[in-house]
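# Topology and contacts: notes
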Amino acid sequence: MDTERISETSVLNDEEASLEKSLRPQTLDEYIGQEKIKRNLAVFIQAAKQRQESLDHILLFGPPGLGKTTLAMIVANELGTKLHTITGPAIERTGDLAAVLTVLGPGDVLFIDEIHRIPKSAEEILYSAMEDFCIDILIGKSEETKRSVRVPLPPFTLVGATTKAGMISSPLRDRFGIIGHLEYYKPEELFQIIRRSASILDTVIDDEGAMEIARRSRGTPRVANRLLKRVRDFAQIKGNGLITKAIADQGLLALDIDSEGLDTMDRRILSAIIDQFRGGPVGIETLASTLGEGRDTLEYMVEPFLLQQGFIQRTPRGRIATEKTYQHLGRVISERRAV
Ligand SMILES: Nc1ncnc2c1ncn2[C@@H]1O[C@H](COP(=O)(O)OP(=O)(O)OP(=O)(O)O)[C@@H](O)[C@H]1O
């Protein structure tokens with residue numbers, strides 16, 4: 001299990017957490033990449049401010065670590081309002097949601113991470129909250145005293161984030177006026193993120209060193225920042241403090257990140273498809289149980305990058321390894337025709 005990747009947000013120690021915070025861009029100008037979303041948001045935010053209205057609700061899709069939370073923070077910051085955060089799994093009952101909604105101030109931003117995980121009953125409360133800025137709360141314990149009370153809410157902006165586009169119901173999706181799909185970052189964009197983070201961390205890095213980390217960061221700013229911090233340690237202990245291409249390479253190899261930026265988990269998946277399923281096709285469920293991993297981890301955290309990079313192809317009968325994979329892992333395509 002790739003515990004480091006999965007738990008990196010949840011078990012950061014205090015120092016790491018404050019470093020992570022210091023690296024977060026605060027404004028749209030500081031937010032690198034995702035140009036289309038950024039351009040549109042800049043217009044919508046400016047228009048809402050001019051009209052003194054709340055900004056329309058925003059739904060953000062994309063794999064972990066691409067900057068959904070950061071964007072939600074930036075939206076609140078650019079609007080000059082307060083950000084309230086909750087995650088889908090933390091909303092167990094409708095009352096949990098009502099408790100957050102009823103403390104919102106006018107124009108505030110409510111960020112619900114993993115919005116696909118809120119229970120159906122809470123989702124229904126969200127509908128009227130989003131559309132009419134009010135919620136109906138049931139009060140009274142007995143059948144005789146039980147009644148529904150309408151509670152008005154101030155106009156607010158809901159920012160929902162999810163890694164699982166297919167798991168948002170259409171009534172919920174339809175209530176978002178702005179929908180953004182975050183894409184994996186290009187190496188040039190990660191290069192800029194790494195340069196910016198290095199300067200905040202007071203770390204010297206040359207262009208080749210930054211590019212090497214950028215190329216091997218799975219298209220993901222969170223990974224880029226994590227690798228930068230680790231490679232910085234190598235530069236300090238094994239070099240003279242400067243992150244060069246050679247130091248980056250040495251550090252990344254020690255962290256088991258290969259020349260294509262694949263980590264142990266990526267390579268386990270690819271090797272299993274080749275070695276245990278003759279290159280595929282293999283269903284995601286079978287693959288997950290063979291590896292002893294959760295299906296969701298594979299499908300939403302690991303596989304999207306492998307698909308995007310052309311290491312895996314999806315067919316109606318399951319996943320197959322591509323010629324690029326055989327070459328990268330130094331295997332010979334013998335029993336299955338190359339794709
Ligand atoms: N566009 C960006 N420019 C610069 N840094 C970024 C950008 N996007 C993300 N980051 C950095 O990457 C880190 C991870 O981003 P963030 O927590 O917003 O991701 P996320 O998509 O919300 O992930 P998750 O859903 O796993 O929480 C942030 O701490 C931030 O420093």
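Fair warning: this is a prediction, and the values are worked out from it, not measured in the lab.

## Considering the packing of helix H12 (residues 264-277) against helix H14 (residues 295-308)
H14 packs onto H12 with a crossing angle of 90° between their chain directions and a minimal axis gap of 11 Å. Put simply, H12 runs roughly perpendicular to H14. Residue-level contacts link Met265, Asp266, Ile269 and Leu270 of H12 to Thr297, Leu298, Val302 and Leu306 of H14. When the residues that make up the contact of H12 with H14 are grouped by side-chain class, the tally is 6 nonpolar, 1 polar and 1 charged.

## Observations concerning the pairing of strand E9 (residues 318-321)
Pairing between strand E8 (residues 312-315) and E9: 4 bridges, direction antiparallel. In the sheet register, isoleucine 312 faces E9, and the bridge partner there is alanine 321. Where E8 folds back on E9, the antiparallel hairpin that results is connected by 2 residues.

## Quick look at the domain arrangement of the protein
Accessible area lost during the coming together of the parts is what is often quoted as the interface size. According to the domain assignment, the protein contains domain 1 (14-181), domain 2 (187-255) and domain 3 (264-329). Taking only C-alpha atoms into account, the centre of domain 1 sits 33 Å from that of domain 3. Opposite the 5 residues of domain 1 that make contact, domain 3 presents 4 residues. When the area that domain 1 buries against domain 3 is broken down by residue, the three leading residues are Pro63, Pro64 and Lys164, summing to 80%. A salt bridge links aspartate 296 to lysine 164, with the shortest nitrogen-to-oxygen separation between them at 2.5 Å. Between the two partners, domain 1 and domain 3, sit 1 residue pair in polar contact (both at pLDDT 80 or more). Partitioning the side of domain 1 that touches domain 3 into residue classes produces 3 nonpolar, 1 polar and 1 charged.

## A few points about the layout of surface pockets
By volume, the second largest pocket amounts to about 360 Å³. Lining the second largest pocket are 19 residues, and of these Gly62, Pro63, Thr163, Ala165 and Pro304 sit closest to its centre. If you tally residues by element for the lining of the second largest pocket, the top one is H14, at 6 residues. Per-domain counts for the lining of the second largest pocket show at least three residues from each of domain 1 (14-181) and domain 3 (264-329).

Reading the values: the criteria
- Residues numbered from 1 in each chain as written.
- Predicted model: local features only at pLDDT ≥ 70, side-chain atom pairs only at ≥ 80, totals over all residues.
- Heavy atoms only, no water.
- Axes fitted to C-alpha atoms, helices over the stretch in contact; angles between N-to-C directions.
- Helix = DSSP H or I, 4+ residues; strand = E, 2+ residues; numbered from the N terminus.
- Parallel < 35°, antiparallel > 145°, perpendicular 65-115°, else oblique.
- Contact = heavy atoms within 4.5 Å.
- Nonpolar A, V, L, I, M, F, W, Y, C, P; charged D, E, K, R; others polar.
- Pairing = 2+ DSSP bridges.
- Domains from an automatic or database assignment.
- Buried area = accessible area lost by both parts, 1.4 Å probe.
- Salt bridge = Lys/Arg side-chain N within 4 Å of Asp/Glu carboxyl O.
- Polar contact = N/O pair within 3.5 Å; in protein donor to acceptor, adjacent residues only side chain to side chain.
- 1 Å grid on protein atoms, 1.4 Å probe; cavity = no way out; pocket = protein on both sides within 12 Å on 5 of 7 lines; lining within 4 Å.
- Points joined across faces, edges and corners; volume = space filled by probe spheres on them.

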